[in-house]
Amino acid sequence: MNNPGARALRVVMLTPDSQMIDRRIILEARTLVEAGHRVDILAGFECAEGKSYTEKNINIHRFKYDWDDERLKRIRKHLPENTSLRMFVNRLYMAMARGLMEVNPFEQYMISKAISFDADIYHVHDLPCLKAACLAARIKGVPLIYDSHEIYYAQESLPGRWKRKLLKTEKKYIKSADAVITVNEFISKKIHDQHGINAEVIMNCADLPQGLSRENAQARLRGSLGLPEDCKIVLYQGWISGERNIETLVYGARYFPERTYLVIIGYGAYEETLREIMKKEGLEDRVFFLGPVDNDEILNYTAAADLAVIPYLPVDLNHLYCSPNKLFEYIVAGTPIVSHDLPFLSIIGNKYKVLRTVDMRSAEAFGRGVSHLISNKEALNEMKENCLIAAKELNWAVEGQKLLSIYEKIFKPREN
């Protein structure tokens, strides 16, 4: 095929994200669109409702799976109008699909949607969609990029049999990818150790903000919460779930200095548990929940904080080697960070001096660590300046060029 600079490519991305699409995916899609290519993102497949729309020249398609099978639908068209017979065929077919067929009904649904789009390349985000994207790419005879955002099969919340099944799936299909991408060197090494494949690193960096006023952001957030202008805010932003150790932040707010508050931005079922803890501990005047904020707006909130938190503990390999979106959002917004001593986070902290580690296993240790930093104005201001210096390297303009280079290598014309 031709070099992507010579003609527009039709890029079809698959992601399991059924609610908010990961910022990394949107940034990658935008980079490709700005380079002159067409991008269709096929998102979720289990969304509350199916719809298609265009956002910033990116075509986004959400699907609502009806828990049927496309192949079975075709069989039923040839059956007589006999309810008992149809129920028997349904049960027999679904049993065969689960036990004997390589492709289960849900995977077949994803494949059918993927191949309905004209594609020069499939770009799949994370393990749940890898198999379907691989088989769609084979059907179309086009290249495949596997973008592994995490060590998906290692999640502590997954049952052991699911971990083994997911690892087996990755081992079988990853070798079909023309390029494998991941988010940091630790996960790249894990992929190499597990599968013998060299995964190229594109970090989860954020855009450098344009025209962001820290003073305006601070005034707006404090005003919206009814807090004094000179108060201090400690921020968590992101998905709210039980394995992320966010409850330590709520308990730890008890140890904050006076006029220092915890603000939580994001969504997830675990928010209800956190609210119960807040009420039980009598911390309603110290802890605030703002709900989800769009990717385009998030930095206006991030910049309003005096200190930001990544509370993850090494409960599994996935958390041990994490390099989450919020890390880079905090940096480009100029907001210092506290976290547990995790490998990638510690490297960033040691190299750029933007992060301090505390013992996130203890609410008191976290709260005391926050108190120490908040009271050390000189150290906090130095960390803020270091964030802005680090952002000159750790931003999406740099990482986006790596993505284009990968596409160029895949589509580089062969020499005769």
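See the structure printed just above.
Here the residue numbers are simple positions, counted from 1 along each chain's written sequence. Under the rules for a predicted model, residues below a pLDDT of 70 receive no local features and side-chain atom pairs below 80 are neither given nor counted, while totals for whole chains, interfaces and linings still include all residues. Note that water and hydrogens are dropped before the side-chain values are worked out from all heavy atoms of the structure.

Novice: Whenever I open this one, the packing of helix 4 (residues 105–115) against helix 5 (residues 130–140) confuses me. Can you help?
Specialist: Helix-helix packing is characterised by the crossing angle of the two axes and by the distance between the axes. Think of each axis as a best-fit line through the C-alpha atoms, taken over the contacting stretch in the case of a helix, with angles from 0 to 180 degrees between the N-to-C directions. Helix and strand definitions here come from DSSP, where helices need a minimum of 4 consecutive H or I residues and strands a minimum of 2 consecutive E residues; each element is numbered from the N-terminal end. At a closest axis distance of 9 Å, the pairing of helix 4 and helix 5 adopts a crossing angle of 45°. Looking at the two axes, helix 4 sits oblique to helix 5. Judged by the twist between their axes, the crossing of helix 4 over helix 5 is right-handed. Taken together, the residues of helix 5 that come into contact with helix 4 (itself represented by E107, M110, I111, A114 and I115) are K131, A132, L135, A136, I139 and K140. Any residue outside Ala, Val, Leu, Ile, Met, Phe, Trp, Tyr, Cys, Pro, Asp, Glu, Lys and Arg is labelled polar, Gly included; the first ten of those are nonpolar and the last four are charged. A class-by-class count of the residues in the contact of helix 4 with helix 5 yields eight nonpolar, no polar and three charged. Angle categories: roughly parallel below 35 degrees, roughly antiparallel above 145, roughly perpendicular from 65 to 115, and oblique for all the rest. Should the near helix be turned anticlockwise from the far one by less than a right angle, the crossing is termed left-handed; should it be turned clockwise, right-handed. The contact definition used throughout considers only heavy atoms, calling two residues in contact when any of these lie within 4.5 Å.

Novice: Explain empty space enclosed by the protein here, please?
Specialist: Any space left empty among the atoms is revealed by the rolling of a water-sized probe across them. The distinction between a cavity and a pocket rests on a 1 Å grid over the protein atoms alone: a 1.4 Å probe fits inside a cavity but cannot get out, while a pocket stays open yet meets protein on both sides within 12 Å along at least five of seven lines, and a residue with an atom within 4 Å of a point counts as lining. Grid points are joined across faces, edges and corners, and a volume is the space filled by probe spheres set on the points. The final tally for this structure, using the stated rule, is one cavity of 30 Å³ or more. Considered as a void within the structure, the largest cavity measures approximately 50 Å³ in volume. Taken together, S148, E150, I151, Y152, Y153, E170, I187, K190, I191 and H195 make up the lining of the largest cavity. It is helix 7 (residues 185–195) that provides the largest number of residues to the lining of the largest cavity, a total of four residues. Along the lines of polarity and charge, the residues of the lining of the largest cavity split into five nonpolar, two polar and three charged.

Novice: Explanation requested: the sheet that holds strand 7 (residues 179–182) in the structure shown.
Specialist: Where strands meet in a sheet, backbone hydrogen bonds hold them as pairs that are either parallel or antiparallel. Pairing in this open sheet of eight strands is mixed, and the strands run 3-4-2-1-5-6-7-8 from one edge to the other. Only two strands of the sheet have a single neighbouring strand rather than two, namely strand 3 (46–55) and strand 8 (200–201). In short, DSSP must find at least two bridges between two strands for them to pair. Two elements, strand 6 (residues 144–148) and strand 7, share four bridges in a ladder whose sense is parallel. Looking at strand 7, one finds that I145 is bridged to A179. Along the sheet face, helix 5 touches strand 1 (10–15), strand 5 (121–125) and strand 6 and points at about 175° away from the line of strand 5. Across the face of the sheet, helix 7 comes into contact with strand 6, strand 7 and strand 8 while running at roughly 140° to strand 7.

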